[in-house]
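# Examining the three-dimensional arrangement
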Amino acid sequence: MVRTIWSRLVASTLTAAFCTLAVNSPALAADPVKIGFLVKQAEEPWFQDEWHYAEQAAHEKGFTLVKIGVPNGEKMMAAIDNLAAQKAQGFVICAPDVKLGTAVERTAKRNNLKVISVDDQLIDGSGKAISSIPHMGISGYDIGKQVGQGLLNEIKARGWVLSEVGAMRLAFDQLPTAQQRTQGAADALKAAGLPAANVFDAAQAKTDTESAFNAANIVFTKQTKFKHWVVFGLNDEAVLGTVRAAEGRGLRNDAVIGIGIGGSKAALNEFAKPNPTAFYGSVLISSKRHGYETTMNMYKWITENKLPAAVTFTSGVLMTRQNQAAVRADFGL
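Reference entry: report on the structure contained in this document.

Analysis parameters
- Residues numbered from 1 in each chain as written.
- Predicted model: local features only at pLDDT ≥ 70, side-chain atom pairs only at ≥ 80, totals over all residues.
- Heavy atoms only, no water.
- Axes fitted to C-alpha atoms, helices over the stretch in contact; angles between N-to-C directions.
- Helix = DSSP H or I, 4+ residues; strand = E, 2+ residues; numbered from the N terminus.
- Left-handed = near helix turned anticlockwise from the far one by under 90°.
- Contact = heavy atoms within 4.5 Å.
- Nonpolar A, V, L, I, M, F, W, Y, C, P; charged D, E, K, R; others polar.
- Pairing = 2+ DSSP bridges.
- Core = buried A, V, L, I, M, F, W, Y, C linked by side-chain atoms within 4.5 Å.
- Buried < 20%, exposed > 50% of the residue type's maximum accessible area, 1.4 Å probe, protein only.
- 1 Å grid on protein atoms, 1.4 Å probe; cavity = no way out; pocket = protein on both sides within 12 Å on 5 of 7 lines; lining within 4 Å.
- Points joined across faces, edges and corners; volume = space filled by probe spheres on them.
- Salt bridge = Lys/Arg side-chain N within 4 Å of Asp/Glu carboxyl O.
- Right-handed = clockwise from strand over helix to strand, strands pointing away.
- Expected span 1.5 Å × (residues − 1).
- Arc of directions from axis to C-beta.

The next thing to look at is the packing of helix H5 (residues 140–158) against helix H6 (residues 176–191). Put simply, H5 and H6 touch, their axes get as near as 6 Å, and they point 35° apart. Of the two elements, H5 crosses H6, and the hand of that crossing is right-handed. In contact with Gly140, Tyr141, Gly144, Lys145, Val147, Gly148, Gln149, Leu151 and Leu152 of H5, H6 contributes Thr177, Gln180, Arg181, Gln183, Gly184, Ala185, Asp187, Ala188 and Leu189. Classifying every residue of the contact of H5 with H6 by side-chain character gives 7 nonpolar, 8 polar and 3 charged.

We now examine the sheet that holds strand E7 (residues 199–203). Sheet strands pair by backbone hydrogen bonding; their relative direction is either parallel or antiparallel. Spatial ordering of the open sheet is given by E7-E6-E8-E9-E10-E12, a layout of 6 strands whose pairing is mixed. Single-partner strands in this sheet number two, and they are E7 and strand E12 (316–320). When strand polarity is set aside, the average angle formed by the axes of neighbouring strands in this sheet is 20°.

The next thing to look at is the nonpolar core. Nonpolar side chains tend toward joint burial in soluble globular proteins. By size, the foremost hydrophobic cluster in this structure holds 43 residues, and its most contacted members are Phe37, Phe63, Val147, Leu151, Leu189, Val230 and Phe232. Formed by 30 residues, the second largest nonpolar core is a distinct cluster that contains Phe220, Ala266, Ala278 and Met319.

This paragraph deals with the layout of surface pockets. Sizing a probe to match a water molecule and rolling it over the atoms shows the empty space that remains. Considered as a void within the structure, the largest pocket measures approximately 430 Å³ in volume. If you go around the largest pocket, you meet 21 residues; those closest to its centre are Gln89, Asn112, Leu113, Lys114 and Ile302. For the lining of the largest pocket, the elements supplying multiple residues, two or more each, are helix H4 (101–110), strand E4 (114–118) and helix H10 (287–304). Across the lining of the largest pocket, the residue classes tally to 11 nonpolar, 6 polar and 4 charged. Of the pockets and cavities examined, the second largest pocket occupies roughly 300 Å³. The residue makeup of the lining of the second largest pocket, split by class, is 8 nonpolar, 4 polar and 5 charged.

Okay, the pattern of salt bridges next. Here the structure, examined in full by the defined rule, presents 14 salt bridges. Glutamate 105 is the salt-bridge partner of lysine 109, the closest N and O atoms lying 3.9 Å from each other. A residue pair is termed a helical-turn pair when its members lie 3 or 4 positions apart in one helix, as lysine 109 and glutamate 105 do in helix H4 at 4 residues. Of the residues examined, glutamate 105 reaches a relative accessible area of 18% and is grouped as buried. The salt bridge partner of glutamate 270 is arginine 244, with a shortest N-O separation of 2.5 Å.

This next bit is on the pairing of strand E1 (residues 34–39). Most of E1 is tucked away, with 6 of its 6 residues classed as buried. Side chains of E1 alternate between two faces, with Lys34, Gly36 and Leu38 and Ile35, Phe37 and Val39 buried alike. Relative to strand E2 (residues 64–69), E1 runs parallel, the two being bridged by 6 bridges. Opposite lysine 34, over in E2, you have threonine 64 as the bridge partner. The parallel pair E1 and E2, bridged by helix H2 (residues 45–61), forms a crossover whose chirality is right-handed. Two strands pair when backbone bridges link them, and E1 and strand E3 (residues 90–94) are joined in this way by 5 bridges, in the parallel orientation. In the sheet register, isoleucine 35 faces E3, and the bridge partner there is glycine 90.

Relative to the 18 Å expected for 13 residues at 1.5 Å per residue, helix H3 (residues 73–85) spans 19 Å between its end C-alpha atoms, a close match to the ideal helical length. Residues of H3 that are buried: Met76, Ala79, Ile80 and Leu83. Taken down its axis, H3 places every buried residue within 100° of arc, on the same side. Turned more than 90 degrees from where H3 packs its buried face, Glu74 and Ala85 sit exposed. Looking at the residues trailing H3, positive phi occurs at lysine 87, about 65°.

Another point: H10. Helix length check: H10, at 18 residues, gives a terminal C-alpha distance of 25 Å against a target of 26 Å (1.5 Å per residue), a fit within 8%. Every buried residue of H10 is listed here: Ser287, His290, Gly291, Thr294, Thr295, Met296, Met298, Tyr299 and Trp301.

Quick look at the environment of isoleucine 138 now. Inspection of the secondary structure assignment puts isoleucine 138 in strand E5 (residues 135–138). Taking the C-alpha atoms as reference points, isoleucine 138 and threonine 312, separated by 174 residues in sequence, lie 7.8 Å from one another. Filtering out sequence-adjacent residues up to four positions away, isoleucine 138 remains in contact with Ile143, Arg181, Ile285, His290, Phe313 and Thr314.

Strand order in the open sheet made by the 6 strands is E2-E1-E3-E4-E5-E11, with parallel pairing throughout. Among the strands making up the open sheet, the edge pair consists of E2 and strand E11 (311–314). In this sheet, neighbouring strand axes are inclined to one another by 15° on average, regardless of whether the strands run parallel or antiparallel. The strands that H3 touches are E1, E2 and E3; relative to E1, the one it contacts most, it runs at about 175°.

Written out as structure tokens, the structure is:
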């Protein structure tokens, strides 16, 4: 009788201890998964697309996605601290300045947050990529060369003489990937025979359409001898701004060829216009991969401790008014 009572007491104690352990164990009672997605220019179509596809991942896996625009370093730091306060476990980021990489890394570690960079790779104080932060982006120079080749093909199709063509590089060289993309396009054009003296830089204050419009207007004002132009830049918005500036000077789709990068909603809206404009095409890069895949990688890192690849580069395809449906279908869009 005594032995039976004693056995029951021991069993009851062990059961209570196990229940307490289960409640307190992180593995058995982890907080719901919450992931931040921070972008430098929330109003740009490309980042809106990334958020859209990140939300798809959140819906599929049932986690919470926190979308935050971080247009400057101060707001970025506040956003990371805010994510920690919300008990998030990690975040994906396209920082307003890649040179803030060390600050991002330090703040993430302090708050015990995992971090993946997207689009623009974060660098340290010496200008080197921070290898401890997984990254998904594109090979800027190779994408730029695709733009240059697309321009050359259309120049040839129109029968233009290279020596008589002006080329405008919408420049935002403080961002490494912007410099790489536009340099790739310029190099492809010059390698094919376009005189280096025919390439003009139009320095953007920002990476949006308005800044491109203002920068392009200055070049068009100074270089009036050219009747034929090709234009290229960091993104679709840079080229669209230049196209609008050209239109204001009477230069339309028979005098200007513009190829952007991104395949954004802005590009699709341009293709949807009844009459073709000088915005000839865009090298489509996958906002779906950059939004959906990075977020899904973060989710697996949090829930399965599966570390993403250190660096992933995505490729692009030239999309025009004529082939846009087929290209987007191939990308699963």
